[in-house]
Amino acid sequence: PTLLPTMPDHADLTQPIEDGMQTYPGDPPVSLSDHTTHAADGYHVESLSCGSHTGTHIDAPRHTEPDGNPLSAFSIDRFVFDAVRVDCQDCAAREAITPDRLPADDALADADMVVCWTGWDDHWNTDRYLDHPYVAPETAARFADHGLAVGVDTLSPDPTPSERAGDDEPTDFAAHHALLGDDCLIVENLRNLGGVDDRFELRAYPLALGGDGAPVRAVGVQQ
């Protein structure tokens, strides 16, 4: 689809919501259709059916933590992040993003988020998108120790189920639990991370659903 033009210092990092688009395995399918039309009704309205984790979206702690906070517990300023982009484009399919890839602690000290740039958005809406690199549990624990939110251009910071999954991969949503269990938010299915610098502001305001997560319009702003 044709996206709206952006200002030179703004990058659109959002996957468009489309009928039949890719979702996490087992999540509700996305259905987008005409409810009324100009020809039949004199005005146009679309009908949208989707899950709360559709497309580019944010995870609240309630997503994986039974007693976790919902989105409604976070003030609106929590959805603007001072982000550090980490280049993980050389990661192979289903490879773990290990702590040695991260910058030194002092580079993370004044940040709010780490964004893992894998380039896997190139495979969006294909079967290969399931086989993205993932955040190793020990890496997620380090992020949580620093109180950092995490952004990924993949379906999940954890491995996504696939017939190509390895026997040694974590299967217990370890990254989600480490992050969301410490109120560190997660933004998934980002795109176009080559359009921002290594340090940028990520604005990811969710729809006001207030529950376990919601789609966002993610915009990268150069600092």
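In case you missed it, the structure is sitting above this.
Calculation criteria
- Residue positions are counted from 1 within each chain, in the order its sequence is given.
- Reporting in this predicted model follows two pLDDT cut-offs: at least 70 for local features of residues, and 80 or more for side-chain atom pairs to be given and counted; totals over whole chains, interfaces and linings ignore these cut-offs and use all residues.
- Side-chain descriptors were evaluated using all non-hydrogen atoms of the structure, hydrogens and water having been removed beforehand.
- Here a salt bridge means any side-chain nitrogen of Lys or Arg lying within 4 Å of a carboxyl oxygen belonging to Asp or Glu.
- Going along the chain from the N terminus, every DSSP run of H or I of four or more residues is numbered as a helix, and every run of E of two or more is numbered as a strand.
- In these notes, a set of buried Ala, Val, Leu, Ile, Met, Phe, Trp, Tyr and Cys residues joined through side-chain atoms within 4.5 Å is what counts as a nonpolar core.
- The buried label applies to any residue whose accessible area, calculated with a 1.4 Å probe on protein chains only, is under 20% of its type's maximum; exposed applies above 50%, and partly exposed to all values in between.
- Any pair of residues with heavy atoms lying within 4.5 Å of one another is described as a contacting pair.
- For the charge count, each Lys or Arg is scored as positive and each Asp or Glu as negative, with His and the chain ends excluded.
- For two strands to count as paired, DSSP must find a minimum of two bridges between them.
- With strands facing away from the observer, any crossover in which the path from the first strand over the helix to the second runs clockwise is taken as right-handed.
- Each cavity reported here is a set of points on a 1 Å grid over the protein atoms alone in which a 1.4 Å probe fits but cannot get out, each pocket an open set with protein on both sides within 12 Å along at least five of seven lines, and each lining residue one with an atom within 4 Å of a point.
- Grid points are joined across faces, edges and corners, and a volume is the space filled by probe spheres set on the points.
- For this classification, the nonpolar set comprises Ala, Val, Leu, Ile, Met, Phe, Trp, Tyr, Cys and Pro, the charged set comprises Asp, Glu, Lys and Arg, and every other residue, Gly included, is treated as polar.
- Only a pair of cysteine sulfur atoms within 2.5 Å qualifies as a disulfide here.

Outline the pattern of salt bridges, supporting the account with residue identities and numerical values.
Counted according to the given criterion, the structure contains 13 salt bridges. With a closest N to O distance of 2.7 Å, aspartate 198 and arginine 85 form a salt bridge. Of this pair, aspartate 198 sits in the loop between strand S10 (186-188) and strand S11 (199-206) while arginine 85 sits in strand S5 (residues 80-87), placing them 113 residues apart in sequence.

Could you give an account of the nonpolar core, with specific residues and numbers?
Ranked by size, the top nonpolar core spans 24 residues in total, and within it Leu13, Ile58, Phe81, Met113, Leu190 and Leu202 carry the most contacts. Of all elements in the fold, only S5, strand S7 (113-117), S11 and strand S12 (213-222) reach the threshold of two or more residues within this core. When neighbours within four sequence positions are excluded, methionine 113 is seen to be in contact with Phe81, Asp82, Ala83, Val84, Leu148, Ala149, Val150, Gly151, Val187 and Leu202. Of all hydrophobic cores here, the second largest spans 21 residues; its members include Leu108, Val150, Leu179 and Ile186.

Account for the side chain of glutamate 65, with residues named and values stated.
Its place among the elements puts glutamate 65 in the loop between strand S4 (57-59) and S5. In this structure glutamate 65 is buried but unpaired, with arginine 62 as the nearest side chain of opposite charge at 11 Å. What glutamate 65 contacts, discounting residues up to four positions off in sequence, is His176, His177, Leu180 and Gly181.

Let's hear about the pairing of strand S9 (residues 149-152): which residues, and what values?
Neither face of S9 is open: one carries Ala149 and Gly151, the other Val150 and Val152, and all of them are buried. When S7 meets S9, the two strands line up parallel, connected through four bridges. Residue pairing in the sheet places cysteine 116 in a bridge with valine 152 of S9. The pairing of S9 with S10 spans two bridges and is parallel. Opposite glycine 151, over in S10, you have valine 187 as the bridge partner. Note on the crossover from S9 through helix H4 (residues 174-180) to S10: the handedness is right-handed.

Can you tell me about the layout of surface pockets, naming the residues and giving the values?
Empty space within the largest pocket amounts to approximately 190 Å³. What lines the largest pocket is a set of 12 residues, among which Thr14, Gln15, Pro16, Ile17 and Arg217 lie closest to the centre. By residue number, the principal contributor to the lining of the largest pocket is S12, which donates three residues. Looking at side-chain class alone, the lining of the largest pocket contains five nonpolar, five polar and two charged residues. Quantified by volume, the second largest pocket comes out at close to 160 Å³. Partitioned by chemical class, the residues of the lining of the second largest pocket number three nonpolar, seven polar and three charged.

Any details on the environment of threonine 54? Residues and values, ideally.
Of note, threonine 54 is situated in the loop between strand S3 (45-49) and S4. C-alpha separation for the pair threonine 54 and arginine 78, spaced 24 residues apart in sequence, amounts to 20 Å. Those residues in contact with threonine 54, other than ones at most four positions away along the chain, are Ile17, Met21, Val30 and Pro215.

A description of the state of the cysteines should follow, citing residues and the corresponding values.
Under the definition given, this model contains zero disulfides. Free of any disulfide, cysteine 91 has its nearest cysteine sulfur in cysteine 88, 4.9 Å distant.

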